[in-house]
Structure formats: C-alpha cells, structure tokens
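Analysis of the macromolecular model
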Amino acid sequence: MCCVTVQRDKFDMVVTDPGCDQDLVAQACEQKLPLVSVMWLQQCIVTGECRSPTESPLYKYNSEEGQDSPEY
C-alpha cells in the first residue's frame, strides 16, 4: 500500500483520474485542493493559461464516470 501526503503549501491542485486512491482524494479535499482531470491540464497547455478547475464538468477528475467531484 502506498501512502501519499498532500501539503497545501507545495501543491495548487491534483491532476488525477477516476481511479485515484480515496485516501488521496480525502487529503486533497481536506486541504481544499482541486482534483482535476488530464483534460484540464491539456486545456491549460493549449490555451497557454491556467483554466479555472470549475470552468467545465470535463475538468473534474472523475468526470468519465459521470460522478460529481467532491467539494473543495
């Protein structure tokens, strides 16, 4: 089992997918870190600017499963 600790002062958001470990999801939510999809990262690169993680439902880390992302 892998244990990952997320520290707010070191990360702005977590890029992941629906298979993300639930402990990591809980840590990110606890620290109010947005969990975003690879689609979000791709759009940031394409547009040359940091997109808002709430701009599109496709930017939710678990959008492929049609679930709602946890509040952050």
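Worth saying up front: this structure is predicted, and the values here are computed from it rather than measured. In this convention, every chain numbers its residues from 1, walking through the sequence in written order. Predicted model: local features are reported for residues with pLDDT of at least 70 only, side-chain atom pairs are reported and counted for 80 or more only, and whole-chain, interface and lining totals are derived from all residues. For the side-chain quantities, the full set of heavy atoms in the structure was used; hydrogens and water were omitted.

1. Topic: the overall build of the protein chain
Helix numbering and strand numbering both begin at the N terminus, where a helix is a DSSP run of H or I of at least 4 residues and a strand a DSSP run of E of at least 2. Check the secondary structure of the protein chain and you find two helices and two strands. Listed by position from the N terminus, the elements making up the protein chain come as β-α-β-α. Looking at the 72 residues of the protein chain, the share that counts as buried comes to 35%. Here, residues are in contact when the closest pair of their heavy atoms is within 4.5 Å. Long-range pairs, those at least 24 residues apart, make up 34% of the contacts in the protein chain between residues at least 6 apart in sequence. Surface exposure of the protein chain reaches about 5,000 Å², of which carbon and sulfur atoms provide 52%. Residue exposure (1.4 Å probe, protein chains only): buried if accessible area is under 20% of the type maximum, exposed if over 50%, otherwise partly exposed. Working definition of accessibility: Shrake-Rupley area with a 1.4 Å probe, residue cover restricted to the visible protein chains.

2. Observations regarding a nonpolar patch on the surface
Taken together, the side chains of V15, V38, L41 and I45 define a hydrophobic patch exposed on the protein surface, amounting to about 340 Å² of accessible area. Mapped onto the secondary structure, L41 falls in helix α2 (residues 38–47). Of the residues examined, L41 reaches a relative accessible area of 35% and is grouped as partly exposed. Any residue with relative accessible area above 30% and no salt bridge may belong to a patch, with like charges joined within 9 Å and the nonpolar Val, Leu, Ile, Met, Phe, Trp and Tyr side chains within 5 Å. Within this document, salt bridges are pairs made up of a side-chain nitrogen of Lys or Arg and a carboxyl oxygen of Asp or Glu, the two lying within 4 Å of each other.

3. Things to note about the pattern of salt bridges
Applying the stated rule across the entire model yields two salt bridges. A salt bridge links R51 to E49; the nearest nitrogen and oxygen atoms lie 2.8 Å apart. The exposure class assigned to R51 is buried, which follows from its relative accessible area of 17%. Among the ionic pairs, R51 bridges to E55, the shortest N-O distance being 2.6 Å. Within the structure, one salt-bridge network assembled from shared partners comprises E49, R51 and E55.

4. What about the side chain of T16?
Of note, T16 is situated in the loop between β1 (14–15) and α1 (22–30). Apart from the residues lying within four places of it in its own chain, the contact partners of T16 are L35, V36, S37, V38 and Y61.

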